[in-house]
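Fold and geometry: a report
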Amino acid sequence: MNRLNSNVTLTQSDYLDILAQVFEALNLPKNNQAWLKLLEYLALMQKWNRVYNLTAIRDEKEMFVKHLLDSLCVAPYVSSKRLIDVGTGAGLPGIPLAIVFPERQIDLLDSNSKKTRFLIQAKAELGLSNVQVIQQRVEHYAPETLYEGVISRAFASLDDMLNWTRHLLTSNGSWWAMKAQKTQDEVAHLPEFAKMLQVFNLDVPGLSAQRTLIQIENHQES
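This is a predicted model, so every value here is computed, not measured.

A few words now on the layout of surface pockets. What the largest pocket holds in volume is close to 200 Å³. When grouped by side-chain class, the residues that make up the lining of the largest pocket number 4 nonpolar, 5 polar and 3 charged. Roughly 170 Å³ of internal volume is contained in the second largest pocket. What lines the second largest pocket is simply Asn-31, Gln-33, Ala-34, Lys-37, Ala-98, Ile-99, Pro-102, Gly-127, Leu-128, Ser-129 and Asn-130.

Attention shifts here to helix 3 (residues 60-72). Relative to the 18 Å expected for 13 residues at 1.5 Å per residue, helix 3 spans 17 Å between its end C-alpha atoms, a close match to the ideal helical length. Among all positions in helix 3, only Lys-61, Met-63, Phe-64, Val-65, His-67, Leu-68, Leu-69, Asp-70, Ser-71 and Leu-72 are buried. Next to the buried residues of helix 3 lie helix 1 (12-25), helix 2 (32-52), helix 4 (94-100), strand 4 (147-153), strand 5 (169-179) and strand 7 (211-218). The N-cap of helix 3, judged by a side-chain oxygen 3.2 Å from the amide nitrogen of Lys-61 a few residues on, is Asp-59.

Another aspect to go through is the nonpolar core. Ranked by internal contacts, the top residues of the largest apolar core, which has 55 residues, are Tyr-41, Phe-64, Leu-69, Ile-95 and Phe-118. Sorting the residues of this core by element identifies helix 1, helix 2, helix 3, helix 4, strand 2 (105-110), helix 5 (113-126), strand 5 and strand 6 (194-202) as the ones contributing at least two each. For this core, the leading source of residues is helix 2, giving 9 residues. When near neighbours in sequence (up to four residues on either side) are disregarded, Tyr-41 contacts Leu-68, Ala-90, Gly-91, Leu-92, Ile-95, Pro-96, Ile-99, Phe-118 and Leu-126.

Turning our eyes to something else, we now look at unusual backbone geometry. A cis amide bond, omega 10°, links Leu-92 with the succeeding residue Pro-93. Along the chain, the position of Pro-93 falls in the loop between strand 1 (82-86) and helix 4. With phi around 70°, Asn-172 is a residue other than glycine that occupies positive phi space. Relative to the assigned elements, Asn-172 resides in strand 5.

All right, on to the sheet that holds strand 4 then. If you walk across this open sheet you meet the 7 strands as 3-2-1-4-5-7-6, and the pairing is mixed. Since the sheet does not close on itself, it has two edges, and those belong to strand 3 (133-135) and strand 6, each with one partner. Each neighbouring strand pair of the sheet contributes to a mean axis angle of 20°, computed without reference to strand direction. Sheet analysis places strand 1 next to strand 2, joined by 5 bridges and oriented parallel. In the strand pairing of strand 2, Arg-82 is matched with Gln-105. Packing of helix 3 onto the sheet brings it into contact with strand 4, strand 5 and strand 7, and relative to strand 4 it is tilted by some 150°. Of the strands in this sheet, strand 1, strand 4, strand 5, strand 6 and strand 7 touch helix 6 (residues 158-165), which is tilted by about 150° from strand 5.

The next point concerns the packing of helix 2 against helix 3. Between helix 2 and helix 3, whose axes approach to 11 Å, the crossing angle comes to 125°. When the axis of helix 2 is compared with that of helix 3, the two are oblique. In this structure, helix 2 meets helix 3 at a crossing whose hand is right-handed. Contacts from Leu-38, Leu-39, Tyr-41, Leu-42, Met-45, Gln-46 and Asn-49 of helix 2 reach helix 3 at Glu-60, Met-63, Phe-64, His-67, Leu-68 and Leu-72. Tallied by class, the residues present in the contact of helix 2 with helix 3 amount to 9 nonpolar, 3 polar and 1 charged.

On to the pattern of salt bridges. Scanning all chains against the criterion turns up 4 salt bridges. Between Arg-153 and Asp-70 there is a salt bridge; the shortest N-O distance is 2.8 Å. With Arg-153 in strand 4 and Asp-70 in helix 3, this pair connects stretches of sequence that are 83 residues apart. By relative accessible area, Arg-153 is classed as buried at 17%. Residue Asp-70 is classed as buried on the basis of its relative accessible area, which comes to 1%. Across the salt bridge formed by Asp-70 and Arg-211, the nearest N and O atoms sit 2.7 Å from each other. With Asp-70 in helix 3 and Arg-211 in strand 7, this residue pair connects regions lying 141 residues apart in the sequence.

About the criteria used
- Residues numbered from 1 in each chain as written.
- Predicted model: local features only at pLDDT ≥ 70, side-chain atom pairs only at ≥ 80, totals over all residues.
- Heavy atoms only, no water.
- 1 Å grid on protein atoms, 1.4 Å probe; cavity = no way out; pocket = protein on both sides within 12 Å on 5 of 7 lines; lining within 4 Å.
- Points joined across faces, edges and corners; volume = space filled by probe spheres on them.
- Nonpolar A, V, L, I, M, F, W, Y, C, P; charged D, E, K, R; others polar.
- Helix = DSSP H or I, 4+ residues; strand = E, 2+ residues; numbered from the N terminus.
- Expected span 1.5 Å × (residues − 1).
- Buried < 20%, exposed > 50% of the residue type's maximum accessible area, 1.4 Å probe, protein only.
- Contact = heavy atoms within 4.5 Å.
- Polar contact = N/O pair within 3.5 Å; in protein donor to acceptor, adjacent residues only side chain to side chain.
- Core = buried A, V, L, I, M, F, W, Y, C linked by side-chain atoms within 4.5 Å.
- Pairing = 2+ DSSP bridges.
- Axes fitted to C-alpha atoms, helices over the stretch in contact; angles between N-to-C directions.
- Parallel < 35°, antiparallel > 145°, perpendicular 65-115°, else oblique.
- Left-handed = near helix turned anticlockwise from the far one by under 90°.
- Salt bridge = Lys/Arg side-chain N within 4 Å of Asp/Glu carboxyl O.

Okay, structure coming up:
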């Protein structure tokens, strides 16, 4: 893992080795096919980022850590089988989760047409049959079937996330909020319909900053 903090250029073999170590640390089953697909996704992001500005991060190693590994670190905790990633941007964390869990339905919602064009291409090239790309503002999206989980990575404040996406979620479904840190004020003032369940502290290899995953339940009937 020390290679992530060095100035050494990493090869595909290096990245595969690091992914193997990360999967083992997260108690995820060994999956060479998923690792190759994750690196293919990373390459796609880099290629499209030159034209579409999907992310402000340009460096490959930094993308690997701050996008791929950051997304993968929530995999052991997110239990929802039918999940929507709101404000997904370049597909984070939805695409890495869809690669790791091909048996789950993981939909991607974003209002930005350039980003959804990339997502449609990524879905096709990566063969992600368990993904649906939705280009809409979240408040206008009315799914035929509600989701068991809503996940978001730096999409909005916790209060806004809960209020803007509650109509997407089943009763007793879960919000999964990825945060740079546990914001005490946000957690202390949840809406009446939201019940705090768990806070997971995430250890992202190569990243010194604190990351947390907050699970909140939609505990009242809509």
